[in-house]
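Results of the structural survey
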Amino acid sequence: MAATVEDLYRNYGILADAKEDLSTHKDAYQVILDGVKGGPKEKRLAAQFIPKFFSSFPELADAAINAQLDLCEDEDVSIRRQAIKELPRFASGDNLPRVADILTQLLQTDDSAEFNQVNTALISIFKIDAKGTLGGLFSQILQGEDIVRERAIKFLSTKLKMMPDDTMTKEVEDYIFIETKKVLEDVTGEEFVLLMRILSGLKSMQTVSGRQQLVELVVEQAFLEQALNPADADSVDRLLQCTRQALPLFSKNVHSTRFVTYFCEFVLPNLSLLTSPVAELDIQLEVLKLLAEMSPYCGDMDKLEVNLNMLFEKLLEFMPLPPEEENGENAANEEPKLQFSYVECLLFSFHQLGKKLPDFLIDKISAEKLKDFKIRLQYFARGLQVYIRQLRVALQGKTGDALKTEENKIKVVALKITNNINVLIKDLFHNPPSYKSTVTLSWKPVQKTEAAAAIGQKRHSGEDIGTTATTKKLPTNLPRRDARQIYNPPSGKYSASIGNFSYEQRGGFRGGRGRGFGGRGNRSRGRIY
């Protein structure tokens, strides 16, 4: 027979008055446990009374926790919220991991207020025993339903950084690292990104050795020991995701050598065959951007000359020879396209790796090939100067809000691309070629002063490269091609698409588990309190 409101209050009074003799009133506590079988009023009272005296009746611990769990699953949301709010009071000793496991499963609720209550409860017990709470969270991440796994990972990715230092001890961080490595054995792309965010935020991972450990984890996920299948969008996506996660970890002490080597050996030869995981993504440009960003942190490379030659050959593909009859009637129809964004990436990467083998253009390629390269550089530089002049005219005098319009933002980046290429070409025209100049890649954050300087600066002597060339007068308007932040230089001589400014896209792999990292299957098992 279910307890009534009166029964509950009477037995509550007995226990409250008992003080030190609580354990002799087991029957009174049992009546309170029976309150969960009553109506809404009885259940609300039971939700409050059960945890209050829980610690005094260890022999009834399992019955008490199960009774509270019944209330956590009640049809009445207000009863559920009250029961969840009180759950941390059960989190002591050996019971804490179980409470953490239960709260983690309760993250699957669709009620926002209840969800917030679960989050608050988890944070509360995390501060009591971080390692025990993590045990419950990782148990569900590894074995729970997909929705629970997803929300548990997101909980860790958003809440860990808010925890106080005295909670996030080295022992706790080491435990997180060990457990996360287990999870990484079978993850989707989105999960991988979140888990790397969790690990990257740990204090112990801020050291050189810590970042190196993270790079090793990414290398394992990237499958760098396997050749790339360019036709498999998932394989391409995996490589992109892993490289993006590794990029912030690279430094002069944590090298990108394995990734740069892989890109040179397996990606560049298949550049035109790559299948994009996202329809609107320019996959070739995205890959070249990643390579360029990694190249300054490349250490000693076993096959430097071979890889540098691959970069060189790929650069030649995007640096055309001038038309044979440049001043003829059909010159405009024959004019090659100058793909500035691609060239910026390839030229920057070549420039960075070239520092490691400065005699490459002198001793490692034939005189005929060097002459061909310089002709291409000269032709490209001439076309480059046309656009630099036009862009400066278009942006001259514009400051503040005027530079914040979408059209002008694109022009500023376009100017940065062309200026970068100009600087790098000047270096390579030195005799012998120089690798001393430094540039900031066009898609990297730009300081206002830097942008203003780029717009207002005088012409560099680099404009004199190929001064014998003549150019047609180009229109001063520089239209946008479409809404996707693509800048299209004016038509006419040296006409070209200056590049696709599709900034880095973050996201998961195509499809759900089963297509991404490791093909994690559906392991729904229901609640396992």
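Residues numbered from 1 in each chain as written. Predicted model: local features only at pLDDT ≥ 70, side-chain atom pairs only at ≥ 80, totals over all residues. Heavy atoms only, no water.

**Some thoughts on the overall build of the chain**
Each helix and strand counted, the chain has 22 helices and two strands in total. A burial count over the chain gives 53% of its 529 residues as buried. Counted over contacts in the chain with a minimum sequence separation of 6, partners at least 24 positions apart contribute 74%. Accessible surface for the chain amounts to roughly 24,200 Å². Of this, 48% is attributable to carbon and sulfur atoms. (Helix = DSSP H or I, 4+ residues; strand = E, 2+ residues; numbered from the N terminus. Buried < 20%, exposed > 50% of the residue type's maximum accessible area, 1.4 Å probe, protein only. Contact = heavy atoms within 4.5 Å. Areas by Shrake-Rupley, 256 points an atom, 1.4 Å probe, with all protein chains shown as cover.)

**Let's talk about the confidence of the model for the chain**
The pLDDT averaged across the chain works out to 84; a share of 82% of its residues lies at or above 70. The low-confidence segment residues 327-331 (pLDDT under 50) makes four contacts with residues lying over four places distant or belonging to another chain. For the stretch residues 449-516, pLDDT sits under 50, and the model shows 189 contacts to residues farther than four places along the chain or on other chains. (pLDDT = per-residue confidence, 0-100.)

**Some points on the packing of helix H8 (residues 130-143) against helix H10 (residues 170-183)**
Their axes nearest at 10 Å, the elements H8 and H10 cross at an angle of 5°. Relative to H10, H8 is oriented roughly parallel. Residues Ala130, Lys131, Leu134, Gly135, Phe138, Ile141 and Leu142 of H8 touch H10, and the partners they reach there are Glu171, Val172, Tyr175, Ile176, Glu179, Thr180, Lys182 and Val183. In the contact of H8 with H10, the residues fall into nine nonpolar, two polar and four charged. (Axes fitted to C-alpha atoms, helices over the stretch in contact; angles between N-to-C directions. Parallel < 35°, antiparallel > 145°, perpendicular 65-115°, else oblique. Nonpolar A, V, L, I, M, F, W, Y, C, P; charged D, E, K, R; others polar.)

**Some words on the environment of Gln105**
Among the structural elements, Gln105 can be located in helix H6 (residues 95-106). Take Gln105: its relative accessible area is 1%, and that puts it in the buried class. The spatial distance from the C-alpha of Gln105 to the C-alpha of Ala152 is 8.5 Å, given a sequence separation of 47 residues. Polar contacts involving the side chain of Gln105 include one to the side chain of Asp101, which spans 2.6 Å. (Polar contact = N/O pair within 3.5 Å; in protein donor to acceptor, adjacent residues only side chain to side chain.)

**Description of H10**
Here H10 contains 14 residues, and its C-alpha end-to-end distance of 20 Å stays within 8% of the 20 Å for a straight helix at 1.5 Å per residue. Of all the residues in H10, the buried ones are Val172, Glu173, Tyr175, Ile176, Phe177, Glu179, Thr180 and Val183. Against H8, helix H9 (146-159), helix H11 (189-200) and helix H12 (208-222) lie the buried residues of H10. (Expected span 1.5 Å × (residues − 1).)

**Concerning the environment of Tyr29**
With respect to the helices and strands, the residue Tyr29 is situated in helix H2 (residues 26-33). On the basis of relative accessibility, which here comes to 0%, the residue Tyr29 falls in the buried class. Each C-alpha atom of the pair Tyr29 and Ser56 lies 9.5 Å from the other, and the pair is 27 residues apart in sequence. Residues within four places of Tyr29 in sequence aside, it is in contact with Leu15, Phe49, Ile50, Phe53, Phe54, Phe57, Leu60 and Ala64.

**A closer look at the nonpolar core**
In this structure, Tyr29, Ile50, Leu103 and Ile176 are the most contacted members of the largest nonpolar core, which totals 156 residues. Considering every element that reaches this core, the biggest residue donor is helix H20 (residues 367-395), with 11 residues. (Core = buried A, V, L, I, M, F, W, Y, C linked by side-chain atoms within 4.5 Å.)

**Some remarks on the pattern of salt bridges**
Side chains that carry opposite charge are capable of pairing whenever their charged atoms lie near each other. Considering all chains together, one arrives at 25 salt bridges under this definition. Taking the shortest distance from any N to any O, the salt bridge between Asp62 and Arg98 comes out at 3.4 Å. Placement of Asp62 in helix H4 (residues 61-72) and of Arg98 in helix H6 is noted, with a sequence separation of 36 residues between them. The exposure class of Arg98 is partly exposed, given its relative accessible area of 22%. Measuring nitrogen to oxygen at the nearest pair gives 3.2 Å for the salt bridge that ties Arg89 to Glu86. (Salt bridge = Lys/Arg side-chain N within 4 Å of Asp/Glu carboxyl O.)

**Let's talk about unusual backbone geometry**
Note the cis peptide between Asn431 and Pro432, where omega equals 0°. Residues other than glycine seldom take positive phi values, yet Phe223 does so here, at roughly 55°. Residue position: Phe223 is located in the loop between H12 and helix H13 (233-246). Given the relative accessible area of 32%, Phe223 is considered partly exposed.

**Regarding the environment of Val278**
With respect to the helices and strands, Val278 occurs in the loop between helix H14 (257-267) and helix H15 (283-294). Relative accessible area serves as the criterion here: at 26%, Val278 is assigned to the partly exposed category. Measuring from C-alpha to C-alpha, the distance between Val278 and Ala233 comes to 8.7 Å, with 45 residues separating the pair along the chain.

**Details of the side chain of Gln108**
Mapped onto the fold, Gln108 is located in the loop between H6 and helix H7 (112-128). A distance of 2.8 Å separates the side chain of Gln108 from the backbone oxygen of Gln105, its partner in a polar contact.

**Considering helix H5 (residues 77-86)**
Buried within H5 we find Ile79, Arg80, Ala83, Ile84 and Glu86. Buried residues in H5, looked at end-on, bunch into an arc of 165°, giving them a common side. Among the structural elements, helix H3 (40-52), H4, H6 and H7 are those in contact with the buried residues of H5. (Arc of directions from axis to C-beta.)

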